[in-house]
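Chain residues, written in single-letter form:
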Amino acid sequence: MSLAKRAIAECIGTFWLVFGGCGAALLACGVPNVGIGYVGVSLAFGLTVLTMAFAIGHISGCHLNPAVTLGLLASGRFKGGKDTIAYIVAQCIGGIIAAGILYAIMKGAGASFSGVAGDFATNGFSADGTTAHFGGAAYGMGAAFAIEAVLTCVFLFVIIGSTDKRAPAGLAPIAIGLCLTLIHLISIPVTNTSVNPARSTAMAVFVGGEPLNQLWLFWVAPIVGAVIAGILYKCVFEEKCCCCKDCKCDKKDDCKCDDKADDKKDDVKEDKKEDDKADDKAAE
């Protein structure tokens with residue numbers, strides 16, 4: 001696929017993640033007696049990734065997340081340069097379009113937002129250490145950074161591992177979707193769960209205030225976690241290739257590929273000798 005088509009797929013996929021996940025939180029979570037609650041919102045986010053992984057995974061890889069794109073870049077699974085920039089821009093645009101539609105729906109129903117963390121499904125942390133935005137304890141910046149970095153690191157580890165050529169084929173979307181569900185079950189009370197800079201940006205730009213001021217954390221922490229996972233998997237668990245002509249990996253000297261290549265060259269030489277003998281005989 002061309003880069004343009006892959007970027008469009010990323011835009012559509014991230015639109016669905018934000019519209020489905022944040023839409024569930026805004027429209028279905030707080031309905032008295034029948035609201036879906038934390039569990040329902042967690043499932044909604046997981047299902048958006050699962051469904052889009054099947055829909056566009058074969059087109060763009062279904063990143064839907066700048067941290068995922070950069071983590072895959074660190075792991076050697078994705079190209080740098082314009083591909084990375086195009087993916088991140090497309091993801092942010094898709095998320096903002098989804099957030100804009102949700103904002104119009106909420107405003108049409110008379111909703112108002114005061115610009116504090118949690119408004120309009122935004123992410124955030126307790127700036128004063130005493131105000132609990134998402135229920136339970138008041139989690140500060142340190143706790144928010146730690147949980148966003150750790151959970152994104154695990155998320156990338158699952159993504160890279162489940163899409164490894166040695167992993168069971170066709171099951172990666174299920175593993176990734178369930179992983180994102182579990183991530184939300186853990187961290188909604190802490191930061192309202194980001195692990196995705198595009199998702200955080202999309203909601204924050206419509207509310208401003210505290211969510212926009214704290215947005216930096218929801219870029220830095222997920223990217224740090226993702227890059228750590230990418231480097232870790234590449235250095236420790238990635239299968240080293242030693243069969244290519246210009247391979248420079250550290251296991252090249254231990255593999256049998258060069259011996260096989262030499263055997264193949266010998267076979268070619270023997271075949272050539274036989275062909276030459278046949279040509280000489282025909283000439284006689």
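Residues numbered from 1 in each chain as written. Predicted model: local features only at pLDDT ≥ 70, side-chain atom pairs only at ≥ 80, totals over all residues. Heavy atoms only, no water.

Engineer: Describe the packing of helix H5 (residues 141-162) against helix H6 (residues 172-191), naming the residues involved and giving the relevant values.
Structural biologist: The N-to-C vectors of H5 and H6 enclose an angle of 175°; their axes lie 9 Å apart at closest approach. The orientation of H5 with respect to H6, classified from their angle, is roughly antiparallel. Mapping the contact onto sequence places Ala143, Ala144, Ile147, Glu148, Leu151, Phe155, Val158, Ile159 and Ser162 in H5 and Ala172, Ala175, Ile176, Cys179, Leu180, Ile183, Ile186, Ser187, Val190 and Thr191 in H6. (Axes fitted to C-alpha atoms, helices over the stretch in contact; angles between N-to-C directions. Helix = DSSP H or I, 4+ residues; strand = E, 2+ residues; numbered from the N terminus. Parallel < 35°, antiparallel > 145°, perpendicular 65-115°, else oblique. Contact = heavy atoms within 4.5 Å.)

Engineer: Describe the pattern of salt bridges, naming the residues involved and giving the relevant values.
Structural biologist: Tallying each qualifying case throughout the model produces four salt bridges. Here Arg77 makes a salt bridge to Asp164, at a shortest N to O gap of 3.7 Å. One end of the pair, Arg77, is in the loop between helix H3 (66-75) and helix H4 (82-108); the other, Asp164, is in the loop between H5 and H6, with 87 residues separating them in the sequence. Judged by relative accessible area, which is 31%, Arg77 ranks as partly exposed. A salt bridge links Glu238 to Arg77; its shortest N-O distance comes to 3.6 Å. Within this pair, whereas Glu238 is found in the loop between helix H9 (217-237) and helix H10 (257-283), its partner Arg77 is found in the loop between H3 and H4, the two being separated by 161 residues in sequence. Glu238 sits in the partly exposed class, given a relative accessible area of 24%. Residues joined by salt bridges that share partners form a network here, namely Arg77, Asp164, Arg166 and Glu238. (Salt bridge = Lys/Arg side-chain N within 4 Å of Asp/Glu carboxyl O. Buried < 20%, exposed > 50% of the residue type's maximum accessible area, 1.4 Å probe, protein only.)

Engineer: Which residues make up the environment of Met203, and what values go with them?
Structural biologist: You can see Met203 is positioned in helix H7 (residues 197-207). Taking relative accessible area as the criterion, Met203 reaches 0% and is therefore assigned buried. For Met203 and Ile96, which are 107 residues apart along the polypeptide, the C-alpha to C-alpha distance reads 7.2 Å. Contacts of Met203, omitting those with residues within four sequence positions, involve Val18, Cys22, Leu26, Ala99, Leu102, Phe120, Ala121 and Thr122.

Engineer: So, the packing of aromatic side chains: which residues are in play, and what are the values?
Structural biologist: Geometrically, a pair of aromatic rings is defined through the distance of the ring centres and the angle of the planes. Taken as a whole, this structure holds 10 aromatic pairs when the rule is applied. Here a set of aromatic residues connected by ring pairs shows up, and it is made of Tyr103, Phe113, Phe120 and Phe206. (Phe/Tyr/Trp six-rings, centres within 6.5 Å; stacked < 30°, edge-to-face > 60°.)

Engineer: Lay out H5 with the relevant residues and their values.
Structural biologist: Helix length check: H5 (22 residues) gives 31 Å between terminal C-alpha atoms against 32 Å at 1.5 Å per residue, within 8%. Every buried residue of H5 is accounted for by Ala144, Ile147, Glu148, Ala149, Leu151, Thr152, Cys153, Phe155, Leu156, Ile159, Ile160 and Ser162. Looking at the buried positions of H5, the neighbouring elements they touch are H3, H6 and H9. (Expected span 1.5 Å × (residues − 1).)

Engineer: Give a detailed account of the environment of Pro197, specifying residues and quantitative values.
Structural biologist: Here Pro197 lies in helix H7. Overall, Pro197 belongs to the buried group, its relative accessible area being 0%. For the pair Pro197 and Asn65, spaced 132 residues apart in sequence, the C-alpha separation works out to 6.8 Å. Non-local contacts of Pro197, meaning those with residues more than four positions away in its chain, are made with Asn65, Pro66, Ala67, Phe218, Trp219 and Pro222.

Engineer: So what's going on with the packing of H7 against H9? Residues and values would help.
Structural biologist: When two helices pack together, their arrangement is given by the angle between the helix axes and the distance between those axes. The geometry of H7 relative to H9 is characterised by a closest axis approach of 9 Å and an angle of 170° between their N-to-C directions. Viewed along their axes, H7 and H9 adopt a mutual orientation that is roughly antiparallel. Each of Pro197, Ser200 and Thr201 in H7 lies in contact with H9, whose residues at this interface are Phe218, Trp219 and Pro222. Partitioned by chemical class, the residues of the contact of H7 with H9 number four nonpolar, two polar and no charged. (Nonpolar A, V, L, I, M, F, W, Y, C, P; charged D, E, K, R; others polar.)

Engineer: So what about unusual backbone geometry? Which residues, and what values?
Structural biologist: Residue Phe120 is not a glycine yet carries a positive backbone phi of 55°. The residue Phe120 is located in the loop between H4 and H5 in this model. Overall, Phe120 belongs to the buried group, its relative accessible area being 2%. Even without glycine at this site, Ala121 takes up a positive phi of about 55°. Looking at where Ala121 falls in the secondary structure, it is placed in the loop between H4 and H5.

Engineer: Can you tell me about the confidence of the model for the protein, naming the residues and giving the values?
Structural biologist: With 85% of its residues at a pLDDT of at least 70, the protein reaches an overall mean of 89. Summarising per-element confidence for the protein, the mean pLDDT is lowest in H10 (56) and highest in H7 (98). (pLDDT = per-residue confidence, 0-100.)

Engineer: Which residues make up the side chain of Thr152, and what values go with them?
Structural biologist: Relative to the assigned elements, Thr152 resides in helix H5. Every residue in contact with Thr152, bar those within four places of it in the chain, is listed here: Ala67, Val195, Pro222, Gly225 and Ala226.

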